[in-house]
Amino acid sequence: MLNSMIALLNTTLRMATPLILAALGGVFTERSGVINIALEGIMLISAFMAMAGSYLTGNPWLGVLTAIIFGILVSLIHAILSISLKADQIVSGTAINIFATGLTAFLLRVMFESAGQSPSVTDVGTWTIPIINDIPIIGDVLGEQIPFVYIALILVAISYWVLFKTPFGLRIRAVGEHPAAADSVGINVIKTRYIAVLISGFFAGLAGASISIGLLDVFVENMTSGRGFIALAAMIFGRWTPQGALLAALLFGFADALQMLAQSIGLDFIPRQFLLMLPYVLTILALTGVIGSSEPPAASGEPYEKE
Amino acid sequence: MKKLSIILAVVMIFAFASMVMAQDDFKVGMVTDVGGLGDQSFNDSAWRGLKMAEEEFGIDINVIESNSMTDYVPNLSSLAEQDYDMVWAVGFLMTDALTEVSKMYPDVTFGMIDAVVENPNVVSVTFAEHEGSFLAGVAAAMKSEKDVVGFVGGMEMPLIKKFEAGYRAGVKAVNPDTKVLIGYTGAFDDPGAGKELALTQFSQGADVVYHAAGACGIGVIKAAQEQGLYAIGVDSPQFHLAPEHVLTSMIKRIDVAVFKEISALYNGNFEAGHRPYGLNENGVGLYRPQAKKMLSEETLEAVDNYKQQIINGEIEVPTSPEDL
């Protein structure tokens, strides 16, 4: 029983990690007023680049770095399209998502002359946290994990601090709520939004790397499987805050872990599809205001036109 | 205008000439599923079958890869238009497309993999996955020390249920008390979910997990490697993913089936219809070289015994978990 609980929490943490990272990216970009549904595609490209970086250098951390660089580069495309050229942000994001599927499948063939999957590469392994590892139960869950789990948890705290305790965070929130007012007090709306979108690329890059060389050690076509969109749901359910996104991602991960366990031990009084559906039902309820109120940043999705 | 018509005439003459010339050659083409070549699964296997025929008979072969499901009809028609003697549709997703195209080109012979199309110019090749999975179940149950084994499926659909049913029957035949943990990822392309599902089953005491979950299975094998336990692969040998942790693979010899049908057509004794490939036809089975390395002499003997019993009809393997 205790073993099952520990396994459940372990799976929850691992399933939640890419969601936490991508959702943090979502919080930054949407707080600044730019919708970034390209998170999914950026994650996929970064998952590939992390694998490629590790494959070519033999060092998984250089793979992570490659993933982050490409995450930022691809998000730059989204920033140029949606901020400078004022293109529809949903269309730009969708285009990047479709582009990502094709690009990664193509690169896979060019690099390895095979479709479907890459060879195994060096992954980032696990980290052991000394003192915590010795505590019973807690140590079994938090004592030894893939590095991305700890990175994600630390970044939640940093993101909270940046967004709510620094002038830079205030500027991001200001341009997302009322860009004209922010502009009138001398905040550079365009620049702030660019930085926020590039930050989301950084997070999506980490999220992609956490899947290909964190959870696994290979790249498989389309391996992000919609996690970018699930992360957006976590961001909404978490009311556009880092701490909320963390809790929502953990809830989503828990629902996933629970249905896996329920299936394996043959508990089928609740259909697993219902458990899988649950987080999204909650998200919809949150959006409609049934559970608390979820108001997006006022200027979210609107390009800024200087008057 | 005049120039254009001259050019057109020349093009037409060449096209006609090449058509006439082409008719001398025996040509076989195939259209892949969206997985494409290099999938290390059924598309690659079918292509190997065509290549075997090319080597054996010196025929012309060609492949068109489909990018999306809407490509199936145009791709199949395009090969039929070019007077191919035989055109293969690879994968059950192409069932509807081939039903349509085979009616449009009654003079062309078609082959269908993994599904049945009942037109007089189509040979349909299906595989007894449940029979092969039965042997995987035998191997898993005999390898298991804790008498708990697992199964990870992709989407819950009849084809995958067939794998589950055969596997469970195989486990039960060896040891009725062995527990079989069942899980479905709900996808074929999410190795992360496959890995977590397998880890969940390992945490519940399983020490061998068999998968029929496409790319999710890569995660299953990675989970076995991480835990120092065992996985059984599917479709292709798959041991390269973790040589010490893959017991064997349940492979479908699509290449053998494709080659057989092409030879029949080439030698003039072809017959359309439904061709089920089971253990008896060597259409399914465990990947021998890896099994020899990983399994005991006793297990291999038991696998052979059960195989013979299935071939002789002494054991009837269920095709759906409800019939267990």
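Residues numbered from 1 in each chain as written. Chains lettered and ligands numbered in written order. Predicted model: local features only at pLDDT ≥ 70, side-chain atom pairs only at ≥ 80, totals over all residues.

What to know about the overall build of chain A
Scanning chain A for helices and strands turns up 13 helices and 2 strands. Rg of the C-alpha trace for chain A: 19 Å, near the compact-globule value of 19 Å for 307 residues, within the 12% margin. Seen through its principal axes, chain A has C-alpha atoms that stretch 60 × 50 × 40 Å. Buried positions account for 53% of the 307 residues belonging to chain A. Considering only residue pairs separated by 6 or more positions, chain A has 75% of its internal contacts joining residues 24 or more positions apart. (Helix = DSSP H or I, 4+ residues; strand = E, 2+ residues; numbered from the N terminus. Rg over C-alpha atoms; globule rule 2.2 N^0.38 Å. Buried ≥ 20, exposed ≤ 12 C-beta atoms within 10 Å, placed from the backbone. Contact = placed C-beta atoms within 7 Å.)

Things to note about the sheet that holds strand β7 (residues 179-184) of chain B
Residues and elements named next belong to chain B. Spatially, 6 strands are ordered β7-β6-β8-β9-β10-β12 in an open sheet, and the strand pairing comes out mixed. The open sheet has two edge strands with one neighbour each: β7 and β12 (284-286). Going from strand to strand, the sheet's axes swing by 15 degrees on average, the running direction of each strand aside. Pairing between strand β6 (residues 148-153) and strand β8 (residues 208-212): 5 bridges, direction parallel. Each residue of the ladder has a partner; that of G153, found in β8, is A212. Contacting β6, β7 and β8, helix α7 (residues 191-203) runs over the sheet at an angle of about 160 degrees to β6. (Pairing = 2+ DSSP bridges. Axes fitted to C-alpha atoms, helices over the stretch in contact; angles between N-to-C directions.)

Notes on the interface of chain A and chain B
Chain A puts 28 residues into the contact, and the matching count from chain B is 28 residues. Examining the composition of the side of chain A that touches chain B, we find that 6 residues originate from one element, helix α1 (residues 2-31) of chain A, more than from any other.

With respect to the domain arrangement of chain B
Residue and element names in this part refer to chain B. Here chain B is partitioned into domain 1 (21-127) and domain 2 (129-252 + 284-323). Using C-alpha coordinates to define each centre, domain 1 is positioned 30 Å away from domain 2. Residue-level contacts link 5 residues of domain 1 with 6 residues of domain 2. In the side of domain 1 that touches domain 2, the residues fall into 3 nonpolar, 2 polar and no charged. (Domains from an automatic or database assignment. Nonpolar A, V, L, I, M, F, W, Y, C, P; charged D, E, K, R; others polar.)

Things to note about the pairing of β6(B)
Across the 6 residues of β6(B), 5 count as buried, placing the element largely inside the fold. On the question of chirality, the crossover connecting β6(B) to the parallel β7(B) by way of helix α6 (residues 158-174) of chain B is right-handed. (Right-handed = clockwise from strand over helix to strand, strands pointing away.)

What to know about the sheet that holds strand β5 (residues 122-127) of chain B
All names here are of chain B. Across the sheet, which stays open at both edges, the 6 strands sit in the order β2-β1-β3-β4-β5-β11 with parallel pairing between neighbours. The open sheet terminates on both sides in strands that have one partner only, identified here as β2 (60-64) and β11 (273-277). The mean angle between the axes of side-by-side strands here comes to 20 degrees, regardless of whether they run parallel or antiparallel. Looking at chain direction, strand β4 (residues 109-113) and β5 are connected through 4 bridges and run parallel. Each residue of the ladder has a partner; that of F110, found in β5, is V122. Contacts from helix α3 (residues 72-81) reach β1 (27-31), β2 and β3 (86-90) within the one sheet, and its direction differs from that of β1 by about 175 degrees. In the packing of helix α4 (residues 95-104) onto the sheet, the strands contacted are β3, β4 and β5, and the crossing angle to β4 comes to about 170 degrees.

Some remarks on the nonpolar core
Of all hydrophobic cores here, the largest spans 190 residues; its most connected members are A:I20, A:A23, A:A234, A:A249, B:A89, B:A139 and B:V209. Counting the residues that make up this core, at least three belong to each of domain 1 (21-127) and domain 2 (129-252 + 284-323) of chain B. In contact with B:V209, not counting residues within four places along its chain, are B:V149, B:G150, B:F151, B:V152, B:A198, B:Q201, B:V220, B:A224 and B:A231. (Core = buried A, V, L, I, M, F, W, Y, C linked by C-beta atoms within 7 Å.)

Some points on the pairing of β3(B)
All names here are of chain B. Among the 5 residues in β3, 5 count as buried, and that is most of the element. Burial along β3 is two-sided: M86, W88 and V90 facing one way and V87 and A89 facing the other are all buried. Where β1 lies against β3, 4 bridges are found, and the strand directions are parallel. Bridge pairing in β3 places M30 opposite W88. Note on the crossover from β3 through α4 to β4: the handedness is right-handed.

Details of the packing of α1(A) against helix α8 (residues 167-177) of chain A
Residues and elements named next belong to chain A. Running from amino to carboxyl end, α1 crosses α8 at an angle of 60 degrees, the nearest separation of the two axes being 7 Å. Regarding the angle of α1 to α8, the classification is oblique. Residues F28, E30 and R31 of α1 pack against I172, R173 and G176 of α8. Looking at the contact of α1 with α8 residue by residue, the class counts come to 2 nonpolar, 1 polar and 3 charged. (Parallel < 35°, antiparallel > 145°, perpendicular 65-115°, else oblique.)

Considering helix α4 (residues 89-112) of chain A
Residues and elements named next belong to chain A. Along its 24 residues, α4 runs 34 Å from first to last C-alpha, staying within 8% of the 34 Å computed at 1.5 Å per residue. Q89, S92, G93, I96, N97, A100, T104 and L108 are the residues of α4 that are buried. Tucked inside the fold, the buried residues of α4 contact α2 (39-57) and α3 (60-84). Of the residues one or two after α4, E113 is the one with positive phi, at around 50 degrees. (Expected span 1.5 Å × (residues − 1).)

Examining unusual backbone geometry
All names here are of chain A. Even without glycine at this site, K86 takes up a positive phi of about 55 degrees. As for its placement among the helices and strands, K86 is situated in the loop between α3 and α4. When the 12 C-beta atoms within 10 Å are taken as the criterion, K86 is described as exposed. Positive phi, close to 60 degrees, is recorded for N222, a residue that is not glycine. Looking at the element boundaries, N222 is found in the loop between α10 (189-215) and α11 (227-237).

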